[in-house]
Amino acid sequence: MAPKVKTRNEDIEQDEFLQAVVIADSFNIRFGPITTKKPRALLPLVNVPLLDYTLEALSISGVKDVYVFCCHLGEQVREHIRKSKWQDGGTPMKVTALMLDSCRSMGDVLREIDAKSLIRNDFILITGDVVSNMDISQVVKEHKDRIHGKDKSSVMTMVFKVAQPGHRSRSKEDDVLIVEEGETKRLLYFDRTSNQSKFKKPAEIALKHNNVILHNDLMDCHISICSRIVPTLFTDNFDYQTRENFVKGILINEEIMGFKIHMSIIHDKYAVRVSNIQTYDAVSKDILARWSYPLVPDIFGSSHGERIKYGRRHVYLSENVTLARGCNLQKDVVVGSGTEIGCGSEISDCIIGKNCKIGENVKLKNSFLWDNVTVGNDCVIDTALLCSHVQVLNNVKTGKGVVLSWEVVVGPNVTVAQGTRLMSEPQKDDWDDPNLSFGADDAVSEKSLDATVVDSHDPIKYGANSKAYEYKQNVDSDDDEMEGVCLDKAWGVSSSESEEQVSDEDSDGSSMDEMASDEDEIDGRSLGYDEEDGEDMVDSTLGFNLKASMMERNTAFYQELMDTFVRANSEKITDDNLTLEINSLKHAYTVPIEEVVHSLPCILIDLAAHELNAGHEVRTPVTASAQLLTKYQKNIDRYSTLLCKYIKNNETQLAALNGLGDYVLRNSDLRSKLPQLVNFLYDADILSESAVLKWYNSTPFTPDKAQRHAFLKNLMQKFVDWLKNAEEESSDSDEE
């Protein structure tokens, strides 16, 4: 009987389905403003949605079960999967789309996976914008052999591809320095280079290990083989927001946690992530040159509803294409079905979608035209991206790096400057709506809509018949896979030119140490303090003595607390250790616990302002920008567990609300944003509904505090009304 049981277990292990988790959200705005209407995973790459390349890569690797997690505009992703071939009964791979609107990072997604217990065995973790023709199952087998053999403590195997610095498919924002243990392929060090010239850690590692290999010639493919315990580790460590956070956390705490990470290097296969427009351009050219075979237009593209013919010099033509006499398709060109190209037009290094209309004597070079684009006569378009339904009228010229988002109209007879990004309607700041109703159905007037426009421009600037407004990209330093500056400007620029730009930027002679010391300086005024404020002065705009109505704070304690959070953020200090440091500061400065609670929500706002000011010589004041509010919300999510240790009952919640009230009174630009600031804490379950209503209905005794409270109640009116309406609707539904 014993041999039969053993054989049965072996058969069960062999029959395990290979699972994959696809993150169909980048959690950044690298492709703005394009991704305001369509998620990155569905953007067309050589006329095929990006997500289809990722799913095809999993299919050829033998994956049987795929979970696609959708966040931003996730309903579009779900609809795309519902209509795809993966829903047919004859396909061997099952694809399930799951909506996670509340997730703001890869870490949130993996914590949700752990909560739902979706993973049964080792799985592939991949983003929904990866193009790969490698057999990932071989890396999975290598990972399983390792954990079932010599090294059971391995929790992840990361896939890297050999790509020398300067390779066109290697984005500078993804440049990493890696140290590998030669015999075991164990990852010992992983960090982004960010133009650093000195690395202390690799030298220490070399002294501890005999056989180490230092790599700066590897590109992260963003493909990982994960053990079942990985989602649980994300749940146990809420500071793990990205895969990079996870990798660094495991490497730093390897001796404590007992887990290891290994790596797999590919040489002769293709695997690249489309992380920005630079890599979008590079991967598109690689597909045309057939480096990604069989994921090429005439094979993979033909499987998506149109037949494509492959010709000389990498020219791909779909059916029903109309080419006028005298037009010239030079090299590396894709033309979608239903497209018409006029006489005298010259096209090279371009990808053109379906049903486009190209006029006469047009010069297209190194550009991307999606579906239903119209280009008038005598236009010159060089290194540009034109989204669907864009109209370029007669005699328009574009500089390099121009992006025309959905339904933009430019022209006639204009020149669009280099690097310009245009959208068909004025850019709006989602946080600046004065009529934010927190779920109510109040009508928004035209006047209020006009107030939300961010730096709009007269569309006449781009032609008499234009419909175009400038878009300004807000770079978020907390993006999933990046902590530096967005490098989309490298699109269309040769590697030698980009190196010259970097050297020119660094020619001022400032060292990295000097920059770091500048970043660590925090002006007291940025923390909301002004030591020269008069003690008994009445603020004419408020009608009461500002300082007399506020809690007296220990400025030195607040500054030290701020420094502690800055260091905790940069060094990834755990919540338990941070709690010990906060308690030590409380005793060292002999401040009451109420002052600690009073300060914590305000610290997270100042921490957001500090992150926005990082790298800038001039410190800007705290203003109610969308970036500040977004970072503040992320800080709350990051430190929600710690906040709940201090803000845990009605009394402490009232102190936290009063702290936010004092903060917005000191910083007038944030007064209108008090409902949003409180709402973030409410959504994170740090503030309860009963505590907010109790604070709202309370009556202070002193005149100044009463006037202060009345002023803040007026600011909070809409949020409180929303809470009351939500409570009434909930009670009505319970009665029904």
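Use the structure listed above.
Just so you know, these numbers come straight off a predicted model, no measurement behind them.

### Focus: the pattern of salt bridges
Piece 1. Under the definition given, this model contains 27 salt bridges.
Piece 2. Among the salt bridges present, the one from Lys 185 reaches Glu 142, with a minimum N-O distance of 3.9 Å. Of the two residues, Lys 185 sits in the loop between β9 (176-181) and β10 (186-192) while Glu 142 sits in helix α5 (residues 136-147), which places them 43 residues apart along the sequence.
Piece 3. Judged by relative accessible area, which is 37%, Lys 185 ranks as partly exposed.
Piece 4. Salt bridges sharing common partners tie together Asp 191, Arg 192, Glu 244 and Lys 248.

### Examining the sheet that holds strand β35 (residues 469-470)
Piece 1. Pairing is mixed across the open sheet formed by 9 strands, whose spatial order is β15-β16-β19-β22-β25-β28-β31-β34-β35. Because the sheet does not close on itself, it has two edges, and the strands there are β15 (308-311) and β35.
Piece 2. Direction of pairing for strand β31 (residues 402-404) relative to strand β34 (residues 421-423): parallel, over a ladder of 2 bridges. Residue Val 403 lies in a different strand from β34, and its bridge partner there is Arg 421.

### What about unusual backbone geometry?
Piece 1. The linkage connecting Gly 32 with the following residue, Pro 33, adopts the cis geometry, with an omega of 0 degrees.
Piece 2. Examined against the element boundaries, Pro 33 turns out to sit in the loop between β1 (19-23) and β2 (44-45).
Piece 3. In this structure, Pro 412 follows Gly 411 across a cis peptide bond, with omega equal to 0 degrees.
Piece 4. Within the secondary structure, Pro 412 sits in the loop between β32 (409-410) and β33 (414-416).
Piece 5. Positive phi, normally seen in glycine, also occurs at Val 46, with a value near 50 degrees.
Piece 6. With respect to the helices and strands, the residue Val 46 is situated in the loop between β2 and β3 (48-49).
Piece 7. The backbone of Lys 572 shows a phi angle near 55 degrees, a positive value even though the residue is not glycine.
Piece 8. Along the polypeptide, Lys 572 turns up in the loop between α14 (555-571) and α15 (575-588).

### Quick word on the packing of aromatic side chains
Piece 1. Across all of its chains, the model carries 14 aromatic pairs by this definition.
Piece 2. When the ring of Tyr 280 is compared with that of Phe 368, the centres are 5.0 Å apart and the planes differ by 70 degrees; the resulting orientation is edge-to-face. On the criterion of sequence distance, the pair formed by Tyr 280 in helix α10 (residues 277-288) and Phe 368 in strand β25 (residues 368-369) is long-range, its members being 88 residues apart. Accessibility classification places Tyr 280 together with Phe 368 in one group, the buried group.

### Digging into the state of the cysteines
Piece 1. For the coordinates displayed, the defined rule picks out 0 disulfides.
Piece 2. Considering cysteine sulfurs only, Cys 71 is the nearest to Cys 103, which forms no disulfide, with 5.1 Å between them.
Piece 3. Note on Cys 103: relative accessible area 7%, which makes it buried.
Piece 4. Left unpaired, Cys 343 is separated from the closest cysteine sulfur, that of Cys 327, by 8.5 Å.

### Regarding the packing of helix α19 (residues 650-666) against helix α20 (residues 674-683)
Piece 1. In contact at an axis separation of 11 Å, α19 and α20 are set at 150 degrees when each is read in the N-to-C sense. Viewed along their axes, α19 and α20 adopt a mutual orientation that is roughly antiparallel. Where α19 crosses over α20, the two elements pack in a sense that is right-handed. Side by side, α19 and α20 meet where Leu 657, Leu 660 and Val 664 of the first sit next to Leu 674, Leu 677, Val 678 and Leu 681 of the second.

### What about the packing of α19 against helix α22 (residues 703-715)?
Piece 1. Where α19 meets α22, the closest approach of the two axes is 11 Å, and the angle between their N-to-C directions is 85 degrees. Of the possible angle classes, the one that applies to α19 and α22 is roughly perpendicular. Residues Asn 658, Gly 661, Asp 662, Val 664 and Leu 665 of α19 pack against Arg 708, Phe 711 and Leu 712 of α22.

Calculation criteria
- Residues numbered from 1 in each chain as written.
- Predicted model: local features only at pLDDT ≥ 70, side-chain atom pairs only at ≥ 80, totals over all residues.
- Heavy atoms only, no water.
- Salt bridge = Lys/Arg side-chain N within 4 Å of Asp/Glu carboxyl O.
- Helix = DSSP H or I, 4+ residues; strand = E, 2+ residues; numbered from the N terminus.
- Buried < 20%, exposed > 50% of the residue type's maximum accessible area, 1.4 Å probe, protein only.
- Pairing = 2+ DSSP bridges.
- Phe/Tyr/Trp six-rings, centres within 6.5 Å; stacked < 30°, edge-to-face > 60°.
- Disulfide = S-S within 2.5 Å.
- Axes fitted to C-alpha atoms, helices over the stretch in contact; angles between N-to-C directions.
- Parallel < 35°, antiparallel > 145°, perpendicular 65-115°, else oblique.
- Left-handed = near helix turned anticlockwise from the far one by under 90°.
- Contact = heavy atoms within 4.5 Å.

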